[in-house]
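Overview (structure and organization)
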Amino acid sequence: MRKKSNNPLNNTTLTIGGMVVALGTLLYTGFVRGPGWKRTHIGAGVALTGLSLWHASQQAKYARLDKQGAVRELRELRQKKKENAPSDEPHNKALRKTSRQSSA
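This section reports on the structure supplied with the text. All figures in this text were calculated on a predicted structure; none of them were measured in a lab.

**Quick notes on the overall build of the protein chain**
Within the protein chain, the regular secondary structure consists of 3 helices and 0 strands. In sequence order, the secondary structure elements of the protein chain are arranged as α-α-α. Per-residue burial over the protein chain gives 12% buried out of 104 residues. For the protein chain, restricting intrachain contacts to residue pairs at least 6 apart in sequence, the fraction spanning at least 24 positions comes to 61%. Just so you have it, the protein chain exposes about 9100 Å², and 60% of that area is on carbon and sulfur atoms.

**Here we look at helix α1 (residues 12-31)**
Between its first and last C-alpha, α1 extends 29 Å over 20 residues, near the 28 Å set by a 1.5 Å rise per residue. Within α1, burial applies to Thr15, Ala22 and Thr29. Buried residues of α1, viewed axially, fall in a sector of 65 degrees; they line one side. Across α1 from its buried face, at more than 90 degrees, point the exposed residues Thr13, Val20, Val21, Leu27 and Phe31. As for α1, its buried residues are in contact with α2 (37-84).

Each value, and the rule that gives it
Residues numbered from 1 in each chain as written. Predicted model: local features only at pLDDT ≥ 70, side-chain atom pairs only at ≥ 80, totals over all residues. Heavy atoms only, no water. Helix = DSSP H or I, 4+ residues; strand = E, 2+ residues; numbered from the N terminus. Buried < 20%, exposed > 50% of the residue type's maximum accessible area, 1.4 Å probe, protein only. Contact = heavy atoms within 4.5 Å. Areas by Shrake-Rupley, 256 points an atom, 1.4 Å probe, with all protein chains shown as cover. Expected span 1.5 Å × (residues − 1). Arc of directions from axis to C-beta.

Geometric values such as these leave the question of function open.
Take a look at the structure:
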């Protein structure tokens, strides 16, 4: 299981909240007119783009870690099955004898 990070930059809720604020600012500044709003509009667009990229990279990282964890668990499960499985050696020897006799 993944350890919870205390780093606020890795917090998905904070990233999504920032995206909501940036989108709201972008929407509002797109409708109002006046000096100075153009810079705010551009800044909000840049912030939204940056936060979206950050969010996507975090989701990709978590998906990769989850996939690696699932693969690791599957390998461990297979290893446990191998260790717990009864030996098939006598059965395999008998099969080899019958296959030699039928091919001859």
